[in-house]
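# Results of the structural survey
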Amino acid sequence: MTNWRPVFGHDEPYDAQVDGIETAIDTARDGGYTVIEGACGTGKTMIALTAGIDLVRDPDTDYERVFVLTSVKQQLRQFEADLETINETLPDDWTPVSGLTLVGKADVCPYNRENAGGIDDGNVYDRCETLRDRTRDLTGEGGDTTAGSLTARARQQQTGLADSGRTGTTARFLETADETAPYPLEMPTYSDGGAVGAETEYCPFYAQYLEDLPDEGDEGDAAEAVPFDFTGAGMVTPDNLVARSVRQGTCPHSVMGALLGHAEVVIGNYYHAFDPTTTTAFTGALLDDSTFVVCDEAHMLEPRVRDLVSDGVADATLRDAETELSRVIQPIRFEREGRRAEGGSKTADADLVRAELNDSDVSYEELERTLEFVRDLRAELDRRVTAYLDRNYRGWESDLTDLDDEEIPLRDPGEPAEDEISVWAEEAGYSDVDWVRVEAVGAVVARVLNEAEEEERTRATPTVGRVLGEWYRCGHTDYFREIELERTWDETEPPDSWRRAYTARLALHNCVPSDAIGERLGQFGGGVLMSATLEPIEAFTKVTGLRYLEREDDRPVVERRYGLHFPEENRESFAVAAPKFTYDNRGGPGETTPTRTHYADAIAKVARLPGNVLVGMPSYAEADWAAGVLEDRVDKPVLLDASSDDETTQSLKTAFFAGDGKVLVTSLRGTLTEGVDYSGDRLAAAVVCGVPIVNTSSPRTEAVRRAYDDAFGDGFTYALTIPAVRKARQAIGRVIRSPEDVGVRVLLDERYARDGWDSVRPYLPDDDEFQAVSPDMLEHGLNRIRSRLS
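All of the points below concern the structure found in this document. (Residues numbered from 1 in each chain as written. Predicted model: local features only at pLDDT ≥ 70, side-chain atom pairs only at ≥ 80, totals over all residues. Heavy atoms only, no water.)

Looking now at the packing of aromatic side chains. Evaluation of the coordinates by the stated rule reveals 17 aromatic pairs. An aromatic cluster of three or more residues is present, and its members are Phe373, Trp424, Tyr430 and Trp435. When the ring centre of phenylalanine 228 is taken as origin, the NZ or CZ atom of arginine 244, which lies over that ring, is 4.8 Å away. Positioned above the aromatic ring of tryptophan 471 is the side chain of arginine 481, whose terminal nitrogen or guanidinium carbon lies 5.6 Å from the ring centre. (Phe/Tyr/Trp six-rings, centres within 6.5 Å; stacked < 30°, edge-to-face > 60°. Lys NZ or Arg CZ within 6 Å of the ring centre and 35° of its normal.)

Written as structure tokens, this is what we have:
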């Protein structure tokens, strides 16, 4: 055992931290995983970082880096802060631990950050790829210039403007991250002196990065292009990365990629390990046994990865693929028919198309067959959406605003069978080959159009090809296929078309992501999965594939549980035996029922406590009802959280924290009940109403439940009940965040309080803390701590 204490960032660890660190180190040495449920205050981030860094710094292990994955931005910041704490307390003769936070291009592109150079959030990815390709073309083998001359040109462009003598003219340099770039706000252009107007835009930041790369044939790697000393740099946050890069005029995103394999600690999100596109294009080098992985907020691992490994294709993407295929087919077709494309027609050149086809195994006939397939598929999608609306919204064309989001299942969700689109295709004469060859056709189409337009863009046909290939290959038990209709508004569509009101999507849902999670975790050397709400851990290890790793690959999986160790006298915890808060009992939000009366009374009692009170409801509709009830019953401001953008949510949170006590009412499926710091006097009490089980009537939910029945034996428990209880526990876990915090935690529903066929009390690991009380006794319990909250 190595001495990990010099890495630990504080004077004295808790007993739980000692056990957690040593368990994680020992388990990872054997290629295994430590699963930790630790209440707030356990110090889980420090446990994981200390164990991982110790292993990385130990010359007797193969670990080269710690890869942190978290789904919550606040936790990402916590890992950054804890790494900085570790570096501040390392022995003087130790080199600081290098850390790097991964973010997307939109967050670090200097032009996008300042909405300059014609780049914004809507086009940053496509514009970036195009500008990079142009810059490489200009400076590569056979190019017209060098990277150094391009950067010099961009620098001189602004200097020349400032020195031109024009009255009122000043140099306008791009400024971001409190640094001034040596380039103008406008995107620079290059001309080889040829035809008038033949100017090419390029990215000066990327040109500088290319200039700094070692020459081909020289020993070294891309890290030599990093304009600062990363060894000993400590934690490099995104803003710090942008500032250091912009100061030297180089590309922050390229620098991030160059540093990726050199950081001892890499901090990212689940996309960086589980999204196929991201891992293929960016983070694939981290996915090996030299990486110690940390999955933070691991209770979210299963639902997040389920989304990442699911797929789909929108109606608009099918339409764009039709257009792309037509543009590639047309020049050959016209040539064969003895016609010419009209001037300015957006088609490729026939010679270019033939050349690309000759360099591939795709034939012209396959192009035409794919166009026919995609066109017919889109027509079938249109037919099915129209028929569904005719059945369920009679006269829908007369009022498109009166439509809801919908799911149209393509098979019985409870009975795995071949989906209706696959059956349609077979009956229409489309074979297995037609499904699987679209991907190869899409690659050719993208190459032709990118070459014809001299612009690298995200094309629709490869996306369609990928999804159709997966549609054909994936099974019908673990995968569920449906048409999703999402409300939107598009004035360009006809007034009586559903496309004016909806975005339609052919969706392929991975119901059981345990294989995908387990296979990916199996690529790492070992690690830690941790959260405050993992219980029952046995269920967690099943649905994440960890049990398979343990059983089939003989890799240890060790469990640790660390409860809340703050003073018990500082908190009161109740499970109130109110009638079940189910739709059958409570009715709709507009109804007055005995159940709603019980809940209105109980919520009001908690809300009247001194200080801030958080009320968590099963949905936003129920949150709206609860807020209306409280406005008439409590003498403090009532804030209502609605499904909205991040900026609005942040403003609401700021208002809640400011001034005297308030009530904040939200959905337990929103963002204010997880990963938000309510420490100190920010929160005096939290009440959770009902067990927030997702809508069980959703076809997708029913399909997941059936798939979990097959995989784990009890789909309702594994897919619905346990995740719902974790949501509730996350919400009430906001109250007590430090030894000094005083607060009240209330679970309101008899399923938390009593045993029974649908009781969830067994899934509360600290159920003995939650006193089961009747609604009539709640007031008495609250009074025991009321004075301490004042």
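The structure having been displayed, the exposition proceeds.
Moving on, we come to the packing of helix H9 (residues 238-247) against helix H10 (residues 252-259). One way to put it is that H9 packs onto H10 with a least axis distance of 9 Å and a crossing angle of 110 degrees. By the angle between their directions, the pair H9 and H10 is classed as roughly perpendicular. You can see that H9 and H10 cross each other, and the crossing is right-handed. The segment H9 lies against H10, with Leu241, Val242, Ser245 and Val246 engaging Pro252, Val255, Met256 and Leu259. Looking at the contact of H9 with H10 residue by residue, the classes come out as seven nonpolar, one polar and no charged. (Axes fitted to C-alpha atoms, helices over the stretch in contact; angles between N-to-C directions. Helix = DSSP H or I, 4+ residues; strand = E, 2+ residues; numbered from the N terminus. Parallel < 35°, antiparallel > 145°, perpendicular 65-115°, else oblique. Left-handed = near helix turned anticlockwise from the far one by under 90°. Contact = heavy atoms within 4.5 Å. Nonpolar A, V, L, I, M, F, W, Y, C, P; charged D, E, K, R; others polar.)

Quick look at the environment of alanine 719 now. Along the chain, alanine 719 turns up in helix H28 (residues 715-732). The buried category is assigned to alanine 719, whose relative accessible area is 18%. A C-alpha to C-alpha distance of 9.7 Å links alanine 719 and valine 694, two positions 25 residues apart in sequence. With residues near it in sequence (within four places) discarded, alanine 719 still touches Val704, Arg705 and Tyr708. (Buried < 20%, exposed > 50% of the residue type's maximum accessible area, 1.4 Å probe, protein only.)

Our next topic: the state of the cysteines. Here the structure, examined in full by the defined rule, presents zero disulfides. Take cysteine 474: it sits in no disulfide, and the sulfur closest to it among the cysteines is that of cysteine 511, at 11 Å. (Disulfide = S-S within 2.5 Å.)

The subject of this paragraph is the pairing of strand E22 (residues 743-748). The element E22 is largely enclosed, with a buried count of six among its six residues. Burial of the side chains of E22 extends over both faces: Gly743, Arg745 and Leu747 are buried on one face and Val744, Val746 and Leu748 on the other. The pairing of strand E17 (residues 571-576) with E22 spans six bridges and is parallel. Within E22, the residue paired with valine 576 across the bridge is leucine 748. Pairing analysis gives five bridges linking strand E21 (residues 685-689) to E22, with the strands arranged parallel. Its bridge partner lying in E22, alanine 686 is registered against arginine 745. (Pairing = 2+ DSSP bridges.)

Mapped onto the elements, aspartate 741 comes out in the loop between H28 and E22. A polar contact is formed between the side chain of aspartate 741 and the backbone nitrogen of arginine 737, at a distance of 2.8 Å. Among all residues touching aspartate 741, those that are not within four sequence positions of it are Asn570, Ser679, Gly680, Val735 and Ile736. (Polar contact = N/O pair within 3.5 Å; in protein donor to acceptor, adjacent residues only side chain to side chain.)

So, about the side chain of aspartate 758. Mapped onto the elements, aspartate 758 comes out in the loop between helix H29 (750-753) and strand E23 (771-773). In contact with aspartate 758, other than residues within four places in its own chain, are Lys580 and Arg751.

Taken in spatial order, the seven strands of this open sheet run E19-E20-E18-E21-E22-E17-E23, and their pairing is parallel. Two strands close off the open sheet at either side, each with one partner strand: strand E19 (638-640) and E23. With strand direction ignored, the average angle separating the axes of adjacent strands in the sheet is 20 degrees. The sheet contact formed by E17 and E23 spans three bridges and is parallel. Paired with alanine 575 across the bridge in E23 is alanine 772. Lying on the sheet, H28 is in contact with strand E18 (613-617), E21 and E22; it crosses E21 at an angle near 160 degrees. Here helix H30 (residues 775-789) sits on the sheet and contacts E17, E22 and E23; the angle it forms with E17, its principal contact strand, is near 165 degrees.

With that settled, the discussion passes to the nonpolar core. In terms of nonpolar packing, the biggest core is built from 71 residues, with Phe67, Tyr111, Phe274, Leu521, Leu529 and Leu546 touching the most fellow members. With five residues, the single largest contributor to this core is helix H8 (residues 204-212). Those residues in contact with leucine 529 that sit more than four places away from it in its chain are Tyr33, Thr34, Val35, Ile36, Cys295, Ala298, Leu301, Leu521, Leu534, Phe540 and Leu546. One finds Leu371, Val374, Ile408 and Trp498 within the second-largest nonpolar core, a separate group that totals 55 residues. (Core = buried A, V, L, I, M, F, W, Y, C linked by side-chain atoms within 4.5 Å.)

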